[in-house]
2 protein chains.
Amino acid sequence: MNKNDLLQGTLELLILRVLVTGSRHGYGIAKRIEQVSGEAFIVQMGSLYPALNRLEAKALVTADWGKTDTGRRAKFYTLTKEGEARVDDERDVWDHYVSAINLVLKNA
Amino acid sequence: MNKNDLLQGTLELLILRVLVTGSRHGYGIAKRIEQVSGEAFIVQMGSLYPALNRLEAKALVTADWGKTDTGRRAKFYTLTKEGEARVDDERDVWDHYVSAINLVLKNA
DNA sequence: TGTCCATATATAGACAATCTTAGTATTATG
DNA sequence: CATAATACTAAGATTGTCTATATATGGACA
């Protein structure tokens with residue numbers, strides 16, 4: 001695990017989580033994740049868009065072209081109902097996962 | 001992320017951690033991880049041995065044939081000096097990783 | 001006692017998911 | 001005009017899963 005690498009699977013959770021606070025375009029999602037993580041995560045564009053497409057394919061987000069603050073064309077992603085529910089699920093999975101890893105790290 | 005799946009990269013950390021407590025053979029390592037994690041992780045043989053081979057290739061563990069308690073032939077894995085140092089490093093990486101994810105999960 | 005199945009143990013190959021790297025394209029702004 | 005903002009894609013690497021195979025041993029049972 002390299003320092004700046006995302007563990008497989010966590011990117012989608014982060015994206016979903018960011019979208020809970022409202023629709024954003026891809027680039028904005030990436031920047032938000034970087035900012036909120038204290039630059040711990042640098043989201044590569046080449047990781048981001050495939051992840052967004054997967055989320056769309058799973059109907060967890062929808063995508064619509066719109067305009068950014070600065071009047072630029074951009075695709076805005078919005079959580080679907082199913083996506084909202086999914087955030088909580090995935091968070092639980094994540095928490096359990098971390099607990100289990102920590103159990104091992106502590107106890108043997 | 002499926003419930004029983006290991007996130008890529010964490011298996012090696014778990015193996016290294018288990019070996020801190022002494023040499024074990026592959027099967028024993030898997031069983032130990034399962035036990036200590038409260039069966040949260042079921043380590044597939046098809047994941048385990050490739051991971052052990054990678055660790056050996058990186059010179060973080062050594063492997064020697066020996067005998068189990070029950071007199072069966074088995075390959076025992078032992079942490080190298082470098083492997084010992086690596087456990088701590090990887091743990092730090094893991095902790096930072098979790099902190100960063102949690103930052104995002106909490107703050108947006 | 002002898003046979004058979006379950007468990008312990010190791011390995012290999014095909015396949016899948018998801019990341020990184022690197023490259024392209026468009027438009028607005030300084 | 002150069003740079004930043006924005007979107008996308010393809011190739012390659014890593015690392016997991018699933019499945020199958022092989023062998024040795026211990027215990028159940030005829």
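Residues numbered from 1 in each chain as written. Chains lettered and ligands numbered in written order. Predicted model: local features only at pLDDT ≥ 70, side-chain atom pairs only at ≥ 80, totals over all residues. Heavy atoms only, no water.

K.L.:
Pulling in residues and values, what's your account of the interface of chain B and chain A?
P.N.:
Contacts between the two partners involve 33 residues from chain B, matched on the other side by 33 residues from chain A. Across the interface of chain B and chain A, roughly 3,400 Å² is buried in total on both sides, 72% from carbon and sulfur atoms. Counting across the interface, chain B meets chain A through zero salt bridges. In terms of residue count, the dominant contributor to the side of chain B that touches chain A is helix α4 (residues 81-107) of chain B (14 residues). The class makeup of the residues in the side of chain B that touches chain A is 20 nonpolar, six polar and seven charged. (Contact = heavy atoms within 4.5 Å. Buried area = accessible area lost by both parts, 1.4 Å probe. Salt bridge = Lys/Arg side-chain N within 4 Å of Asp/Glu carboxyl O. Helix = DSSP H or I, 4+ residues; strand = E, 2+ residues; numbered from the N terminus. Nonpolar A, V, L, I, M, F, W, Y, C, P; charged D, E, K, R; others polar.)

K.L.:
Lay out the protein's contact with DNA strand D in plain terms, naming residues and giving numbers.
P.N.:
DNA strand D sits among 23 residues. The nearest are Tyr-27 and Lys-75 of chain A together with Gln-8, Ser-47 and Arg-54 of chain B. Sugar plus phosphate: this is where 69% of the atoms of DNA strand D within 4 Å of the protein reside. Contacts to DNA strand D include Gly-9 of chain B, whose backbone N or O atom sits 3.2 Å from a phosphate oxygen. Per-element accounting of the surface near DNA strand D gives the leading share, four residues, to helix α3 (residues 45-57) of chain A. Of the residues in the surface near DNA strand D, the class split is nine nonpolar, ten polar and four charged. (Near = heavy atom within 4 Å. Polar contact = N/O pair within 3.5 Å; in protein donor to acceptor, adjacent residues only side chain to side chain.)

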